[in-house]
Amino acid sequence: MATQFDVIVIGAGPGGYVAAIRAAQLGLTVACIDQWKNAKGGPAPGGTCTNIGCIPSKALLQSSENYEHARHHFADHGIKIGDLSLDLARLLARKDTVVKQNNDGIIYLFKKNKIAFFHGSGSFAARSDAGVEVEVTPVAADKPAEKLLGRHVIVATGSDPRALPGVAFDEKLILSNDGALSIANVPARLGVVGAGVIGLEMGSVWRRLGADVTVLEALPAFLGAVDQDVAKEAQKVFARQGLKIHLSAKIDGVKSGSGGVTVNWTDAKGTAQALECDRLIVSIGRVPNTRGLNAAAVGLALDERGFVAVDNDCRTNVPNVWAIGDVVRGPMLAHKAEEEGVAVAERIVGQHGHVNFNTIPWVIYTSPEIAWVGQTEQQLKQAGRAYKAGSFPFMANGRARALGDTTGFVKFLADATTDEILGVHIIGPVASELISEAVVAMEFRASSEDIARICHAHPSLSEATKEAALAVEKRTLNL
Ligand SMILES: Cc1cc2nc3c(=O)[nH]c(=O)nc-3n(C[C@H](O)[C@H](O)[C@H](O)COP(=O)(O)OP(=O)(O)OC[C@H]3O[C@@H](n4cnc5c(N)ncnc54)[C@H](O)[C@@H]3O)c2cc1C
């Protein structure tokens, strides 16, 4: 006899675990199934984000930035350090501790919200008038499989890294984001294929720790989806930091052996090149993960790219089966997965959960950080929308000078007639935090004048946001 729940969530990444919590808050009985194992074989809820994504990458970015500051920037503050050395094992262990704290936090939240957690893989078994049957195969080999019956099922099975055709990840020499977070010795020469968010973040970590990093990007434009003023500034800064970035690079072949990895590639001029490196990170995007779901058992439809097909409200083609996060269309971002999880739980109880795709912030946690919300200038031009632009450099911001980090700027784009904010783009210190003000403003459909009239603390980096809003009307105060 199957154990019955109002909601069964398959996957405990940021989409799944947050959906489970919201459903439980709304008074539903909830089960959440997740197969992720920690090094000891125990449960490690949190998905890609917690285990091999957002959280460990930010831990390494912070540690490596601290190291770089100690090596190159503390002297500017009058702080002298004698023999500086890197304890990479300790640095990696700290990252693992941060991950574990997050895993444990989710286990605590499941208990607090009375969510039944199953450490195993979930697959569809059948569907009937009584509900949807899901079979759990426990991770522990000595435990029997279990059947659960859900009135609703939420699929939140996430995504996997995309490999180069014919080049499998071995996580020793050819690394996905997983292996890239745990290299035991700083490689002298590190190759990165793909100059997207993950490639740039991981490339930055290992460059700061001492690797000579070369990034090969297939597209002709650097960060093509980013506002091009920001992308140009970023490319300049990254080159100055020592990241070697080659655009229009076509990968012809990858060979690995005891001597390391050779990447044969063709450059923008059509000349054959060879990149010799000790390790290669391949970060060319991610693919939805529906492996092991047994989607066919309930007739769950996938789209042509392998994502679970959903409507705007995350409904699949199967009644009462929903799907959220990386396994469905839309940006592969943890906070997008979370928002969809909350909205689906609310829709299940008849509320009107809502996700505004126009105000989802994007962040690249390099140094300087890059963050944006809304439309880019190139998108507005393409759409023929009349707009006004204003920007303000951190160079003219007192707090940035005090920090010793004056790279970058804040840029506003507002409707030419109504002044409604259409996009905000930031490259600079803690852009990831500064962008929240723009998200709130856009959620409330504020005008650039609204931000320009709001009192911002002095001295603070957020004054650059206010000044950029003032710049839309060409009336900056400090420039
Ligand atoms: C290196 C890196 C850095 C990133 N940094 C950021 C960042 O800074 N900010 C950001 O917003 N996003 C970031 N992302 C993206 C982010 O991690 C994903 O968008 C997010 O994890 C998606 O959440 P999800 O819940 O959809 O899926 P996931 O987090 O992938 O979770 C899916 C879970 O489902 C489990 N599962 C799969 N199939 C089954 C099954 N059949 N039965 C049981 N369990 C199953 C998996 O084991 C996993 O635990 C990063 C990604 C990477 C790789």
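Not measured: the values here are computed from a predicted model. (Residues numbered from 1 in each chain as written. Predicted model: local features only at pLDDT ≥ 70, side-chain atom pairs only at ≥ 80, totals over all residues. Heavy atoms only, no water.)

A. Spotlight on the site of the ligand. Looking at the ligand, there are 38 residues lining it, with Asp34, Thr48, Lys58, Gly122 and Ala334 nearest. A distance of 2.9 Å separates an oxygen atom of the ligand from a polar backbone atom of glycine 15. At 3.2 Å from an oxygen atom of the ligand is found a main-chain nitrogen or oxygen belonging to leucine 333. For the ligand, whose unbound accessible area comes to 1,000 Å², protein coverage reaches 95%. Those elements that place two or more of their residues in the shell around the ligand are helix 1 (14–25), strand 2 (30–34), helix 2 (47–52), helix 3 (54–73), strand 3 (116–128) and helix 8 (334–348). With four residues, helix 2 is the largest single contributor of residues to the shell around the ligand. Partitioning the shell around the ligand into residue classes produces 15 nonpolar, 19 polar and four charged. (Near = heavy atom within 4 Å. Polar contact = N/O pair within 3.5 Å; in protein donor to acceptor, adjacent residues only side chain to side chain. Areas by Shrake-Rupley, 256 points an atom, 1.4 Å probe, with all protein chains shown as cover. Helix = DSSP H or I, 4+ residues; strand = E, 2+ residues; numbered from the N terminus. Nonpolar A, V, L, I, M, F, W, Y, C, P; charged D, E, K, R; others polar.)

B. Up close: the sheet that holds strand 12 (residues 260–266). Strand order in this open sheet of three strands is 11-12-13, and the pairing throughout is antiparallel. The sheet is open, and its two borders are formed by strand 11 (250–257) and strand 13 (272–277), each paired with just one other strand. If you compare each strand with its neighbour and ignore which way they point, the axes differ by 15° on average. Two elements, strand 12 and strand 13, share six bridges in a ladder whose sense is antiparallel. Paired with threonine 266 across the two strands is alanine 272, which belongs to strand 13. (Pairing = 2+ DSSP bridges. Axes fitted to C-alpha atoms, helices over the stretch in contact; angles between N-to-C directions.)

C. Region of interest: the sheet that holds strand 21 (residues 421–428). Here five strands make up an open sheet; going across it, the order is 17-18-21-20-19 and the pairing antiparallel. A single partner strand is all that each edge strand has here, and the edge strands are strand 17 (362–364) and strand 19 (387–393). For this sheet, the mean inter-axis angle between neighbouring strands, taken without regard to orientation, is 10°. For strand 20 (residues 409–415) and strand 21, the ladder comprises six bridges, and the chain directions are antiparallel.

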